[in-house]
Amino acid sequence: MSQEQWNSKLGFIFAAAGSAIGLGAIWKFPYVAGTGGGGAFFLVFLLFTLLLGAPLLLGEFVIGRRTQSDAITAYQKIALNSYWGWIGKLGVITCFILLSFYSVVGGWIILYLFEAIRGGLNGLSQDQFGPLFGEMISEPITTLFAQFLFILLTILVVAKGVQKGIERASKIMMPALFILFLLLVIRSVSLEGASEGIKFFLYPDFSKLTSEVILLALGQAFFTLSLGVSAMVTYASYLPKTQNLPKSMFSIILMNLLIVLLAGLAIFPGVFSFGLEPDAGPVLIFAVLPAVFSQMQFGLLFFIAFLLLFLFAALTSAFSMIEIIVAAMTRKDRSKRKKATWIAGLSIFVVGIPSCLSYGLMSDVLVFNLTIFDLFDFAVSNVFIPLGALLISIFIPLKLSKSELMEEISLGSKKRKVFFLVWYYLLKYFTPLAIVLVFLDVLGLI
Ligand code: PFF
């Protein structure tokens, strides 16, 4: 059966950018940067994004478009009768665990949205949003219900198929998100005392740069670009041979970095201006952003609009996670798509229950001193994803010849030799070496 395809060139870019831009840039980046010391983390993150993330993104596009296959089959098609299919399997398992806690945060957005619409945020002072939010997410029934709703929305869209569901909405919602973020930044950087926050975010204090922080920045760079789990392989498998892959890569990197920059500039000035703590952890943006919005005319309305767009951004990422799983599950029989989506979604919900309760009933259950939520997050972001990225960067130059790669990259664009060589060598040597060094460093072996 032939592969379903994206409707237009822009459709693919929006969908891939939709996968990339999500909780990673908006929710996770600020709090990890906040605990990792701000500017130094941001700088390392930026370097990893450009030198490792960008080449790998193009690499995943190449595998997907060339094989027109799901995450598992793609590797098996290139390296026949081998164990390389495990890269895809690792990606599928990672996405499963990832979505199980990602959906918890998706649920938090839904809860906050209801709270804001209900009027529960009216008249609060700047330091009251954090405690209110903390209370909200410790409530077991409502948070579980919200998490379920988030997964349900994901199932309903993805079960309908690739193009119809994902493509249409992205074209409106993503630009709207940019615009709202821009407004937010303008308000945030003009708050009293904002310069402290800008400095914290953009001025690198290298004394804060520990091995741990470098690992977090590495994981974050891959996480925000949806790399290492073959999400981009799967999305690129729905591409026609006419798409210009390098151009798509650049657009996505650019959009992603822009959102990260906007998120940082929206949040840190607010944190410092209101005397909040930058290392508040996963609740950071939920405590800070409503406080910034409350300083605007029609702030509550804008905040509700923001939450809607934020929810959309989280959903478009969740679509891609479940899409990888479903594409792999239905690789032998596409007609089972609907059933597979429901099975995957519901089991992810069940596995995600302990993560959801980690902020309430199960907050005392610790493994390696981490709550289940933090443990899953750490394992996915800082172990599985970088590991997947490492394997993919080894796989590509090993199993595809330079001329095959050159040919695939040049389809839909001109042959650019210098660009190709820079990409090839970054991917072949720099990416695996850097990942291995970061791992060794954090394990204390170098
Ligand atoms: N890039 C997404 C984000 O930053 O929220 C997370 C993600 C989506 C990771 C899809 C991996 C993936 F397959």
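Data block above holds the structure.
In short, a report on the structure.

Parameters at a glance
Residues numbered from 1 in each chain as written. Predicted model: local features only at pLDDT ≥ 70, side-chain atom pairs only at ≥ 80, totals over all residues. Heavy atoms only, no water. Patch = residues over 30% accessible without salt bridge, like charges linked within 9 Å, V, L, I, M, F, W, Y side chains within 5 Å. Areas by Shrake-Rupley, 256 points an atom, 1.4 Å probe, with all protein chains shown as cover. Salt bridge = Lys/Arg side-chain N within 4 Å of Asp/Glu carboxyl O. Lys, Arg positive; Asp, Glu negative; His and termini not counted. Charge placed at Lys NZ, Arg CZ, Asp CG, Glu CD. Helix = DSSP H or I, 4+ residues; strand = E, 2+ residues; numbered from the N terminus. Buried < 20%, exposed > 50% of the residue type's maximum accessible area, 1.4 Å probe, protein only. Axes fitted to C-alpha atoms, helices over the stretch in contact; angles between N-to-C directions. Parallel < 35°, antiparallel > 145°, perpendicular 65-115°, else oblique. Contact = heavy atoms within 4.5 Å. Nonpolar A, V, L, I, M, F, W, Y, C, P; charged D, E, K, R; others polar. Left-handed = near helix turned anticlockwise from the far one by under 90°. Arc of directions from axis to C-beta. Expected span 1.5 Å × (residues − 1). Core = buried A, V, L, I, M, F, W, Y, C linked by side-chain atoms within 4.5 Å. Near = heavy atom within 4 Å. Polar contact = N/O pair within 3.5 Å; in protein donor to acceptor, adjacent residues only side chain to side chain.

1. A closer look at a positive patch on the surface
- A contiguous patch of positive charge on the surface is contributed by K9, K247, K414 and R416.
- Of note, K414 is situated in the loop between α17 (402-410) and α18 (417-442).
- Look at K414 and you get exposed, because its relative accessible area is 59%.

2. Brief notes about the packing of helix α3 (residues 39-67) against α17
- Look at α3 against α17: their axes get within 10 Å of each other, and the N-to-C directions meet at 90°. Classified by the interaxial angle, the pair formed by α3 and α17 is roughly perpendicular. Touching L58, V62, R65 and R66 of α3 are E404, L405, E407, E408 and I409, all from α17.
- Here the contact of α3 with α17 is built from residues that sort into four nonpolar, no polar and five charged.

3. Digging into the packing of helix α16 (residues 372-399) against α18
- Where α16 meets α18, the axes come as close as 9 Å, and the angle between the chain directions of the two elements is 145°. Between α16 and α18 lies a crossing whose hand is left-handed. Counting all contacts with α16, which are made through N382, V383, P386, L387, A389, L390, S393, I394, I396 and P397, the residues of α18 involved are W423, Y424, L427, K428, T431, P432, I435, V436 and F439.
- Here the contact of α16 with α18 is built from residues that sort into 15 nonpolar, three polar and one charged.

4. Some words on helix α9 (residues 194-202)
- A194, G197, F200 and F201 are the residues of α9 that are buried. Seen from one end, α9 has its buried residues packed into an arc of 120°, which puts them on one side.

5. Looking at the side chain of T49
- Within the secondary structure layout, T49 lies in helix α3.
- Residue T49 is classed as buried on the basis of its relative accessible area of 1%.
- In this structure, T49 is in contact with A54, A221, L225, I253 and L257, ignoring residues within four places of it in sequence.

6. Looking at helix α7 (residues 140-159)
- Between its first and last C-alpha atoms α7 spans 28 Å; for 20 residues at 1.5 Å apiece the expected length is 28 Å, and the two agree.
- When α7 is considered as a whole, its buried residues turn out to be T143, L144, A146, Q147, F150, I151, T154, I155, V158 and A159.
- Of the surrounding elements, those touching the buried residues of α7 are α5 (85-118), α6 (129-136), α14 (299-329) and α15 (337-357).

7. Description of the pattern of salt bridges
- Counted under the stated rule, the structure contains nine salt bridges.
- A salt bridge links E404 to R66, with the nearest nitrogen and oxygen atoms 3.6 Å apart. Here E404, found in helix α17, pairs with R66, found in helix α3; they are 338 residues apart in sequence, far enough to count as distant.
- In this structure E404 comes out as partly exposed when scored by relative accessible area, which is 27%.
- With its nearest N and O atoms 2.8 Å apart, the salt bridge here joins E115 to R118. One end of the pair is E115 and the other is R118, both in helix α5 and three residues apart, which spans about a single turn.
- In this structure R118 comes out as exposed when scored by relative accessible area, which is 61%.
- Bridged by salt links that share partners, the residues R65, R66, K241, E404 and E408 form one connected network.

8. Considering the nonpolar core
- If you look at the biggest cluster of nonpolar residues, it comprises 163 residues, and the most contacted ones within it are I26, W27, F181, F286, F306 and F310.
- In terms of residues, this core owes the most to one element, α14, which gives 19 residues.
- When residues no more than four places from it in sequence are discounted, the contact partners of I26 are L177, F181, I259, A263, I267, I285, F306, F310 and A313.

9. As for the site of the ligand
- In the region of the ligand, 18 residues are neighbours, and A20, G24, Y102, F223 and S226 sit closest.
- For the ligand, a nitrogen atom lies 3.1 Å from a polar atom in the backbone of S19.
- Between the ligand and the protein, one listed contact pairs an oxygen atom with a backbone N or O atom of L23 at 3.0 Å.
- Surface burial for the ligand is 100%, taken as the share of its 340 Å² of free accessible area covered by protein chains.
- A total of four residues in the shell around the ligand trace back to one element, the largest contributor, which is α14.

Limitation: the analysis is restricted to geometry and does not speak to function.
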